[in-house]
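Below are the chains, spelled out letter by letter.
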Number of protein chains: 2
Amino acid sequence: MMSQSENDLHPLENATRLTWHDGHWRGHTSPDYWAFIGPFGGATAATLLRAVLDHPDRIGDPLALTVNYCAPIAEGQFQIAIRAAKTNRSTQHWTMELCQQDGEALATATAVFAVRRPTWNHAVARIPHAPAPQTLARFENKLSRSSWIDRYDMRFVGGNPAFGATPQSEPQPADTLLWLRDAEPRRLDYLSLVSMSDAFFGRVFHILGVLVPFGTVTLTTYFHGGAQDMVAENDWVLGRAGASVFRNGFGDQSVELWAPDGRLLTTSIQATYYRDWKPADTSD
Amino acid sequence: MMSQSENDLHPLENATRLTWHDGHWRGHTSPDYWAFIGPFGGATAATLLRAVLDHPDRIGDPLALTVNYCAPIAEGQFQIAIRAAKTNRSTQHWTMELCQQDGEALATATAVFAVRRPTWNHAVARIPHAPAPQTLARFENKLSRSSWIDRYDMRFVGGNPAFGATPQSEPQPADTLLWLRDAEPRRLDYLSLVSMSDAFFGRVFHILGVLVPFGTVTLTTYFHGGAQDMVAENDWVLGRAGASVFRNGFGDQSVELWAPDGRLLTTSIQATYYRDWKPADTSD
């Protein structure tokens, strides 16, 4: 019965599914969202957001989520401790911590939820120009066996990533513009948006033109609308990713996710670690 | 003796000073960094960062700090509970919570510290063009009696802020470029950088040309270098602030702080609340 139910679930629903036991959430990693050495960070972030979304004390909709990736999560079960640190009339502050059997923190997180009300609105940033996704080729993943890549239909504007065996002689642009959507159709919501906010290849790969040891250390995502602004029927999202600096082992990434109608849905930043490219690293 | 010592301290040192009591830090708000309804958010963020910097278990330098402002902090004493959630070889994850006598969370925070090592480095973003600060007029604060504004020497590039009694008929630009430094000379460090990352007037004031009820809900700052890259003798910092969207009571702000030699020191984002302008609000 449970396995039947799992089969009916969308992979993202299954990966972020939580059950309540003895005052904390319990979940399980999913092979559908696997990255190099652990679960795809976007799925972990979505799971931590869901810990609030599904909590009976929750008020309002997500405004901000910060996830700190402390250590790799092993394949298997995990627990999420969660607490509403402060509930105001229109905002609510949550803290979460994910651990496995040994009790060591593997991810810490904070979330702000907010009740939005009609006000003066103003769009400063404008959606980047991009041809329609239907006119672009779907990205074929030959880069990696990381399963999370196959969960997305990605259409790169201006060239698919082509990472070689050795670095480019000069640094390449850090920016990427692409359409993306769930490969298995799913109504867009906060869970898919936060997962998509991490669904970009490392900027350092694009700059160097080669894969190097790399990972997300911390990810902060802002959600720019209430639930009615965020839910759509498997619409495409236009994603733009960039970076500002790489220094002494740590760099950054910024991401915007846009609705096709021009509304900015989310903005994110993440800090990442990287190591120097070495010929031996290609076998990592 | 204690009052003598306090008088000798720089205002930022004094505002962020912490003493250890019974397993937590104890501090006190400072009238030198006061905003409308509580301590200046930058000073609170610096205090929470200092809780880690001064902790004996700390390894490395600040990489990322997220501060969630849960409720106004009252004038007086506060406590900071702090915990190293996870210590790795080259990164360390901290969680903090600030409260006062009633024990309610007034701010929650997470920080990532990192040991940096020499690697391939790359600057993607470039410092904006700006005339030297010595050629620009110092901003004279006639906007507000918030004391924190007087802690900074601000030199706006392209016009001082001029907020009127009624909104502009059309939205004005959200971007601001300015030089800033501590008004009372102080060696630039992580504490002053995190405080400066919040030392910008609300973007909504610039867009509307008027003051409205406004506050920071959450602030995330990334530090783009180790201590040796961050410390300078009262150098100017070039700050650029922008925003992307304001919708249903919440907007954002992004900030970059640059060293005069062109190095990007920090990037920050914050989510802010705002309320509509009303004639009655001018007496707020």
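Nothing here was measured: the structure is a model prediction, and the numbers come from that model.

Criteria and cut-off values
- Residues numbered from 1 in each chain as written.
- Chains lettered and ligands numbered in written order.
- Predicted model: local features only at pLDDT ≥ 70, side-chain atom pairs only at ≥ 80, totals over all residues.
- pLDDT = per-residue confidence, 0-100.
- Core = buried A, V, L, I, M, F, W, Y, C linked by C-beta atoms within 7 Å.
- Buried ≥ 20, exposed ≤ 12 C-beta atoms within 10 Å, placed from the backbone.
- Contact = placed C-beta atoms within 7 Å.
- Helix = DSSP H or I, 4+ residues; strand = E, 2+ residues; numbered from the N terminus.
- Nonpolar A, V, L, I, M, F, W, Y, C, P; charged D, E, K, R; others polar.
- Pairing = 2+ DSSP bridges.
- Least-squares fit on C-alpha atoms with pLDDT ≥ 70 in both.

J.: Lay out the confidence of the model for chain A with the relevant residues and their values.
T.: When pLDDT is averaged across chain A, the result is 93; 96% of the residues are at 70 or more. Our summary of model confidence lists the complex with pTM equal to 0.96 and ipTM equal to 0.95.

J.: So what's going on with the nonpolar core? Residues and values would help.
T.: Counting 160 residues, the largest nonpolar core has L48, L49 and L63 of chain A together with L48, L49 and L63 of chain B as its most contacted members. Aside from chain neighbours lying at most four places away, what touches L49 of chain A is P62, L65, A111, Y190, L191 and V194 of chain A.

J.: Go over the interface of chain A and chain B with me, naming the residues and quoting the values.
T.: A common way to report how large an interface is uses the accessible area buried once the components associate. Every contact between the two is made by 54 residues of chain A and, on the other side, 54 residues of chain B. Among the elements that take part in the side of chain A that touches chain B, strand β6 (residues 105–114) of chain A stands out by supplying five residues, more than any other. Across the side of chain A that touches chain B, the residue classes tally to 25 nonpolar, 20 polar and nine charged. Alignment of strand β7 (residues 122–123) of chain A against strand β12 (residues 245–247) of chain B, held across two bridges, turns out to be antiparallel. Within β12 of chain B, the residue paired with H122 of chain A across the bridge is F246 of chain B.

J.: Residue-level account of the relation of the copies chain A and chain B, with values.
T.: Rotating chain A by 180° and translating it 0.0 Å along the rotation axis places it on chain B, where the RMSD comes to 0.0 Å. The two molecules are tied by a two-fold rotation axis, judged by turn and shift. Mapped onto chain B, 100% of the interface residues of chain A are again interface residues, and the two copies thus contact each other with one and the same surface.

J.: So, unusual backbone geometry: which residues are in play, and what are the values?
T.: Although it is not a glycine, D22 of chain A adopts a positive phi angle of roughly 50°. Considering the arrangement of structural elements, one finds D22 of chain A in the loop between β1 (19–21) and β2 (24–28). For D22 of chain A, a count of 6 C-beta atoms within 10 Å corresponds to the exposed category. Positive phi is not limited to glycine here, since N248 of chain B has a value of about 50°. Relative to the elements of secondary structure, N248 of chain B occurs in the loop between β12 and β13 (250–258).

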